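Here is what each chain is made of, one letter per residue.
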Amino acid sequence: MRQTAKKSSKTTKKSRKKSGKSHSPAKKIAIIAVIAVVLLAAVGFAYANTVRHNTPDRIVSENGGLYCYSKAEEILTGRWIDLEGKRYYAGEDGKLYAGSMEQIDEHSYYFGEDGALLKDIFKVEDTVYSADQEGRINMAEGWEEHGGNTYYNKGEGVCLSACITDLEGGTYSFDPEGVLRRNAVFEADGGQYFADPDGKILKSQPIEFEGKKYYAGETGAFVKNGYTAYEDYYFYINDDSAITKEPFVADSGYTVTPDPETGAISKKEHDISLSEYIYNGLATYIKVDIDSQSMIFVKDGELLVSSYIVSGLYGKYDTPEGEYEILHKATNVQLKGEQVIEGQYEDVPLTDEEIAKFKADPKNKGKEVPKTKKVPKKDEWDVTVNYWLAFIGGTYGFHDATWRSYFGDYIYTWDGSHGCVNLPLWAAETLYNNAEEGTPVFIY
């Protein structure tokens, strides 16, 4: 019984031995698989933990600054941070750069008040900056193109803005956003200007833009409310800084008529409109002032004659007041006429015919034949003048009075003319040589 038991024990050991040899490869594979799963789980856990610690989650304002927390609730430090389409940079202390220009890896960057990196063209308060698409500030001076607009970087990323300035090649203007103004009329520095398609401000020349004409002065600013000279002509600029092409009334009252196509005004027309002698809108006229016993003759706005006169005898031969015009003029004219003196009479001899008629009348039989008769006294004149300019028929006019030594004062109250306007010889000559038929005459 014992021997059998021992044999049986040996048989079992052999059986186990045979069984172990046949399952060894499978067992190894199972072990390897288990190990792999464990390793992968460990790596995954480590990666997930790392991601969790480094992935930005939110930006928080605290302790007087901005900070970015990861999903693991840790503050990110010393690195670039991309969050919700914006880019930030956290310093070594974790505080985000904000509202300042900072140097990072040999480049300058500008971060907005919210800590976000600013790119391309941006404006901080009143200053326009230039950066590339990565946010690196463009430090070099010169012209730049961004989004179809032109800018000028004056260095260190600062662009010219809200100004007119001289640069190489001309004078240019930049709007408040730093954009170069082109092909436009614009307002700046209290004036209006025009920038051509290249952005250059035009100066000292007429400008036509969008159906209007302007005139740019020496600085480029449009002349406004006044004249400006260009070559041989003048132009009048209205309230809108545009060249006036329609007739207009100058401050003097004179109506100026510019060229309807160009707005050009001749020097003569310009000078006339500025004359201090424009009267009732007229630049050529004769004006007589009875009270002051004076006369002026203005032609094309220029005073040619200013003289004392003697008008018609006051109360008897008063020179008629009113508005007239020169009807005709002549030289070496005989002025002959007579005027009954009211209330005065004189004795004149009877003619032979009148005597015969008196004798033939039966009523006068036995009466003494008179030798004279009383008739109204007449004032008669017969003079030849050198210059004559009529303004009422052939009766009233201007002429020289060489028989007079004095003019003006109150002479007309006791030794006035028979109604004409008496002038010194020089005044009559000048009037004759320069006044045309149709020249307006004002007598007051």
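In this text the structure is predicted, and so the values were computed from the model without any measurement.

**Details of the environment of Val441**
Alright, step 1. With respect to the element layout, Val441 can be found in strand β30 (residues 440-443).
Alright, step 2. For Val441, a relative accessible area of 0% gives the class buried.
Alright, step 3. Separated by 155 residues in the primary sequence, Val441 and Ile286 place their C-alpha atoms 4.7 Å from one another.
Alright, step 4. Once you skip the residues sitting within four places of it in the chain, Val441 turns out to touch Ile286, Gly322, Glu323, Tyr324, Glu325, Ile326, Phe391 and Phe398.

**A few points about the pattern of salt bridges**
Alright, step 1. Considering all chains together, one arrives at 12 salt bridges under this definition.
Alright, step 2. With a shortest N-O distance of 3.0 Å, Asp82 and Arg87 are connected by a salt bridge.
Alright, step 3. Take Arg87: its relative accessible area is 28%, and that puts it in the partly exposed class.
Alright, step 4. Lys267 serves as the salt-bridge partner of Asp271, at 2.7 Å between the closest nitrogen and oxygen. Highlighted residues: Asp271 and Lys267, both in helix α2 (residues 267-273), separated by 4 residues, approximately one helical turn.
Alright, step 5. The class of Lys267 is partly exposed, set by a relative accessible area of 47%.
Alright, step 6. A single network of salt bridges, built from pairs that share partners, joins Asp57, Arg58, Lys71 and Glu73.

**Observations concerning the environment of Ser204**
Alright, step 1. Examined against the element boundaries, Ser204 turns out to sit in the loop between β15 (191-195) and β16 (205-209).
Alright, step 2. Classification of Ser204 as partly exposed rests on a relative accessible area of 36%.
Alright, step 3. With 16 residues separating them along the chain, Ser204 and Gly220 place their C-alpha atoms 6.7 Å apart.

**Observations concerning the nonpolar core**
Alright, step 1. The biggest cluster of nonpolar side chains holds 26 residues, and the ones touching the most others in it are Ile286, Met295, Phe398, Leu423 and Leu431.
Alright, step 2. Every element with two or more residues in this core is listed here: β22 (285-289), β23 (294-299), β27 (372-392), β29 (421-423), α5 (425-434) and β30.
Alright, step 3. If one sorts the elements of this core by residue count, α5 sits on top with 4 residues.
Alright, step 4. Beyond its immediate chain neighbours, meaning those up to four positions away, Phe398 contacts Ile286, Val288, Met295, Ile326, Tyr387, Trp388, Leu389, Phe391, Val421, Leu423, Leu431 and Val441.

**Focus: unusual backbone geometry**
Alright, step 1. Non-glycine residue Glu73 carries a positive phi angle of around 65°.
Alright, step 2. As for its position among the elements, Glu73 is in the loop between β2 (65-70) and β3 (79-83).
Alright, step 3. Its identity as a non-glycine residue notwithstanding, Glu84 has a phi of 55°, on the positive side.

About the criteria used
- Residues numbered from 1 in each chain as written.
- Predicted model: local features only at pLDDT ≥ 70, side-chain atom pairs only at ≥ 80, totals over all residues.
- Heavy atoms only, no water.
- Helix = DSSP H or I, 4+ residues; strand = E, 2+ residues; numbered from the N terminus.
- Buried < 20%, exposed > 50% of the residue type's maximum accessible area, 1.4 Å probe, protein only.
- Contact = heavy atoms within 4.5 Å.
- Salt bridge = Lys/Arg side-chain N within 4 Å of Asp/Glu carboxyl O.
- Core = buried A, V, L, I, M, F, W, Y, C linked by side-chain atoms within 4.5 Å.

So yeah, pure geometry; function would need other evidence.
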